[in-house]
Amino acid sequence: MKPKAIVRIGIDIGMTVLLLLLMAYELIGSGLHEWIGLAMFVLFVCHHLLNRGWYKNLFRGSYTPMRLLQTILAGLVLLTMLGSMISSVLISREVFAFLPISGGRSLGRTLHLLCAYWGFVLLSLHLGIHWRSMMAMAGRLCKPSPTRRRVLQAAGALAALYGLYAFFHRSIPTYLFLQSQFVFFDFEEPLIFFFLDYLAAMGLFVWIGHYGGNGLRRCSARKKVSQ
């Protein structure tokens, strides 16, 4: 595997881990949350620098349904990341506290909540859309047998099913649609349970992105053959 590919995978894994940590805002402390958020944004910038060729080819070639979906999803992820960063500056009490900013905290909190939860869903879908290429790289390293592949697929489906439960159990739709502007945290709950539920919820959208993307690719292939 090429060094650039290894760095890209490392950055993606790092962003995934940091994303889960960021969702535990009150459980890890607001100060640590701000520094992790800054690290997340730095990795996000690095991710875009490594994939700058995507911007160069943005207006080249034809747009298949799959490419259109990927482009829209990438654009939405970019908007949520920028919204999270801008709102974090407005409400910061530590990292950006030195800036002479007054006012806008209420708007900043609302925007931050909205961008954080939509970013969680959209980044998970984005990861799912590209899961196929990531598994292809992993397959070149370990070459899983057909039986092992079927076991992994079944495990993925079960994880997605639990992720659906966790998605509603953790009231994530409530925060996505601003039905509540205050996130509930159970401080007596072991932190590992929180992370497992959010990892499962992330897995749900990775699963949807992966199989939804595969279905779209197959439909496009059939349409091309029929023409």
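Treat the numbers as computed from the prediction; the structure is a model and nothing was measured.

**Student:** In this structure, what is going on with the overall build of the protein? I would like to understand it.
**Tutor:** Regarding its fold elements, the protein presents 10 helices and zero strands. Listing every helix and strand of the protein by position from the N terminus yields α-α-α-α-α-α-α-α-α-α. Its C-alpha radius of gyration of 19 Å places the protein within 12% of the 17 Å reference for a compact globule of 227 residues. Considering the protein as a whole, with its 227 residues, one finds that 35% of them fall into the buried category. Roughly 13900 Å² of accessible area belongs to the protein as shown, and the carbon and sulfur atoms make up 70% of that amount.

**Student:** Would you mind showing me how to read the nonpolar core here?
**Tutor:** Across soluble globular proteins, nonpolar side chains have a tendency to be buried as a group. Grouped together as the largest cluster of nonpolar side chains are 39 residues, with contacts concentrated most on Met40, Tyr117, Phe120, Ile172 and Tyr198. With residues up to four places along the chain from it excluded, the contact list for Tyr198 reads Leu20, Met23, Tyr117, Phe120, Arg170 and Ile172.

**Student:** I keep staring at helix α1 (residues 3-23) and nothing clicks. Help me out?
**Tutor:** Owing to its 3.6 residues per turn, the α-helix aligns residues three or four sequence positions apart on the same side. Helix length check: α1, at 21 residues, gives a terminal C-alpha distance of 31 Å against a target of 30 Å (1.5 Å per residue), a fit within 8%. The complete set of buried residues in α1 reads Ala5, Ile11, Asp12, Met15, Leu18, Leu19, Leu20, Leu22 and Met23.

**Student:** What is the right way to read the pattern of salt bridges from this model?
**Tutor:** Pairing is possible between side chains that carry opposite charge, provided their charged atoms lie close to one another. Under the defined criterion, the tally for this structure stands at two salt bridges. For Glu189, the salt bridge is made with Arg170, and the minimal N-O distance between the two is 2.6 Å. On the criterion of sequence distance, the pair formed by Glu189 in the loop between α9 (172-176) and α10 (191-226) and Arg170 in the loop between α8 (146-169) and α9 is long-range, its members being 19 residues apart. A residue is classified by how much of its surface remains accessible, and Arg170, at 14% relative accessible area, is buried. Residue Asp197 pairs with Arg170 through a salt bridge whose shortest N-O separation is 2.9 Å.

Cut-offs and rules
- Residues numbered from 1 in each chain as written.
- Predicted model: local features only at pLDDT ≥ 70, side-chain atom pairs only at ≥ 80, totals over all residues.
- Heavy atoms only, no water.
- Helix = DSSP H or I, 4+ residues; strand = E, 2+ residues; numbered from the N terminus.
- Rg over C-alpha atoms; globule rule 2.2 N^0.38 Å.
- Buried < 20%, exposed > 50% of the residue type's maximum accessible area, 1.4 Å probe, protein only.
- Areas by Shrake-Rupley, 256 points an atom, 1.4 Å probe, with all protein chains shown as cover.
- Core = buried A, V, L, I, M, F, W, Y, C linked by side-chain atoms within 4.5 Å.
- Contact = heavy atoms within 4.5 Å.
- Expected span 1.5 Å × (residues − 1).
- Salt bridge = Lys/Arg side-chain N within 4 Å of Asp/Glu carboxyl O.

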